[in-house]
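Residues per chain, in single letters:
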Amino acid sequence: MIQSYGLPIISEDMIYHLPTKSEKISVVNQWSYHARLYHAAHFAAENNLTLIQLSSFGCGLDALTTDQVKEILENHGKIYTMIKLDEVSNLGAAKIRLRSLLAALKRKKFSAYEEKIFAPRPKFTLDCKKNHTIIAPQMAPIHFELLQTVLKKYGYKIFIPQLPDKNAIDLGLRYVNNDMCYPAIVVIGQIISAIKSGEVDAENCSVILFQTCGACRATNYISVLRRALKFAGFEKIPVFACWGLETDEFILEKNCLLDAIKSSVYGDLLMKVKNRMKPYEIFAGETEKLFENWMAVAKKDLVSGNYFSYRKNLKKIVEEFDAIKIDENLQKPRVGIVGEILVKYHPVANNFLEKILSEEGAEVVMPEFTDFFLYTAYDAIAKEKLLVGSKKEKIFAEIFIKLIEFFRSPMKKYLSESKNFCAPLSIKKIAELASRHVSIGNMAGEGWFLTGEMVKLIEENVENIICLQPFGCLPNHITGKGVLHNLRESYKNANIVAIDCDAGSSEVNQLNRIKLMLTVAKKNLEKNIRAAV
């Protein structure tokens, strides 16, 4: 089609060996094809060529590349053209775009290439720690309330916005490429909303994010947020990582890390015991009241306690929730929630799924939040075994896992001794369960861990599962949706539904699919009850 207009074509791999002047890019360069694409954009800018980028509909990775290629070209006064392809064979729109490009090129005056000098980005410094309010996005309300307490203890003025409303999501859609994954839109929308509303001083604030550093697009949330802040008029706000490639002068002190681990274990335990007992309590509100009391105690302990008080509190939490009077004859379908970490725990991102399930008469089972960080560490072990990972990184990962398990071991002990609760599995065991169905070499996104969580739930007799993934999240569609057939063949009673989360998702459609899954769950429960009589 392009050649029909008399235009010669050079593909990006034909020129990758040719040198270009090295200029920085705004994103983390994660993938080999995209490295060639950025190189081609620089080459086109230097040699007075025109670049046309072909993008696939629903390819979430192109949300990053299209913005970056456009930025490279427009920085040098070049015209950026992108043609989005899908299964539609009608090329009329593409031809119109090509003719428009040719018309624009005829009118455009030639400009010689000039190397750009970029101003350094705003960085988080030790002075920022003293003077700035640090905005951290809400992800998991229980855990982040406790984590906020820890960071304040170590001198950080942390502000976590309230759960975002529709206006915040709309801000995310306004300033973020809409092909970017939904968690990025939610996170960035709530941050910009907090700044625009005046909840924080735009002249004295910074933003902290977690950088995964893997093949997932979450590695580039920081880059996407910086671009969004620039478009919103807040480009001077420093954005940095608490963990990852761009930590600036933020230092995660040893004691702060240890307290953060304790806060995560507290959050996992309180989430587990609350979800387990609340659906069956005889005295309405008793579980919630006990939960609020222990949240206050946990915060106090994180500020002024020690390991012994922490261990004592874990024991008391299990004992007191285990003693709540429940209806022993009442049985409800147990429904596990798995998926991408933000949509799994963030009530707004999953359209208040936990609340819906509870109102529909189900017991919600949430996997441990801490397991995700164990998974990211375990990847270094898998890389050393299967790919080209280093022994040094493997040893560091093993030490980190042992450190977390040291703080989890009291919780696991007390849960295993209780009447109503079960202890979490080790990450090694979850990897073993996942390896029955996928290779643990699947490390992008939630990777093999997503499959492992589903198998773990089924092995614990939680056969009803909702698998959440952002629309366009390719890795999670592979290890989530992609393994459902195999799981159903391996576990005949597995009742699993996959739900896409997106700003444009129909809540009615989601609700109908949930209710259909619950109908099957209730029928299976009745069948099991009759069989047991």
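Asks: Is there a simple way to explain the nonpolar core in this structure?
Replies: The tendency in soluble globular proteins is for nonpolar side chains to be buried side by side. Ranked by size, the top nonpolar core spans 144 residues in total, and within it F321, L357, I427, W448, M454 and I466 carry the most contacts. It is helix 7 (residues 182-196) that provides the largest number of residues to this core, a total of ten residues. Here L357 is in contact with V335, I337, A362, V364, I466, I514 and L518, once residues within four sequence places are set aside. Grouped together as the second largest cluster of nonpolar side chains are 14 residues, L37, A40, F43 and M82 included.

Asks: Help me understand the side chain of E46 in this model?
Replies: Note that E46 resides in helix 1 (residues 32-46). Buried charged residue E46 carries no salt bridge. Nearest counter-charge: K21, at 4.5 Å. Residues in contact with E46, not counting those within four places in the same chain, are T20, K21 and Y113.

Asks: Got a minute to help me understand a nonpolar patch on the surface in this structure?
Replies: On the surface, I10, M14 and L49 cluster together into a nonpolar patch covering about 270 Å² of accessible area. Within the secondary structure, I10 sits in the segment before helix 1.

Asks: What's the story with the pattern of salt bridges in this structure? I'm lost.
Replies: Between side chains of opposite charge, pairing is possible as soon as their charged atoms come close. Using the criterion set out here, one finds 28 salt bridges in the structure. Note that K413 is salt-bridged to E417, the shortest N-O span being 3.1 Å. Given the relative accessible area of 38%, K413 is considered partly exposed. According to the relative accessible area criterion, E417 is exposed, its value standing at 54%. Here R436 ties to E459 by a salt bridge, and the two come within 3.1 Å at their closest N and O atoms. Here R436, found in the loop between helix 16 (427-434) and helix 17 (447-459), pairs with E459, found in helix 17; they are 23 residues apart in sequence, far enough to count as distant. Given the relative accessible area of 46%, R436 is considered partly exposed. Each of K272, E368, D371, E405, R408, K412 and K456 takes part in one network of salt bridges that share partners.

Asks: Looking at this structure, how should I read the sheet that holds strand 7 (residues 334-339)?
Replies: The strands making up a sheet are joined through hydrogen bonds of the backbone, oriented either antiparallel or parallel. Read from one edge of the open sheet, four strands run 8-7-9-10, paired in parallel fashion. Since the sheet does not close on itself, it has two edges, and those belong to strand 8 (363-365) and strand 10 (495-501), each with one partner. Within this sheet the neighbouring strands show an average axis-to-axis angle of 25 degrees, counted without direction. Relative to strand 10, strand 9 (residues 464-470) is paired through seven bridges, and the arrangement is parallel.

Criteria and cut-off values
Residues numbered from 1 in each chain as written. Predicted model: local features only at pLDDT ≥ 70, side-chain atom pairs only at ≥ 80, totals over all residues. Heavy atoms only, no water. Core = buried A, V, L, I, M, F, W, Y, C linked by side-chain atoms within 4.5 Å. Buried < 20%, exposed > 50% of the residue type's maximum accessible area, 1.4 Å probe, protein only. Helix = DSSP H or I, 4+ residues; strand = E, 2+ residues; numbered from the N terminus. Contact = heavy atoms within 4.5 Å. Lys, Arg positive; Asp, Glu negative; His and termini not counted. Salt bridge = Lys/Arg side-chain N within 4 Å of Asp/Glu carboxyl O. Patch = residues over 30% accessible without salt bridge, like charges linked within 9 Å, V, L, I, M, F, W, Y side chains within 5 Å. Areas by Shrake-Rupley, 256 points an atom, 1.4 Å probe, with all protein chains shown as cover. Pairing = 2+ DSSP bridges. Axes fitted to C-alpha atoms, helices over the stretch in contact; angles between N-to-C directions.

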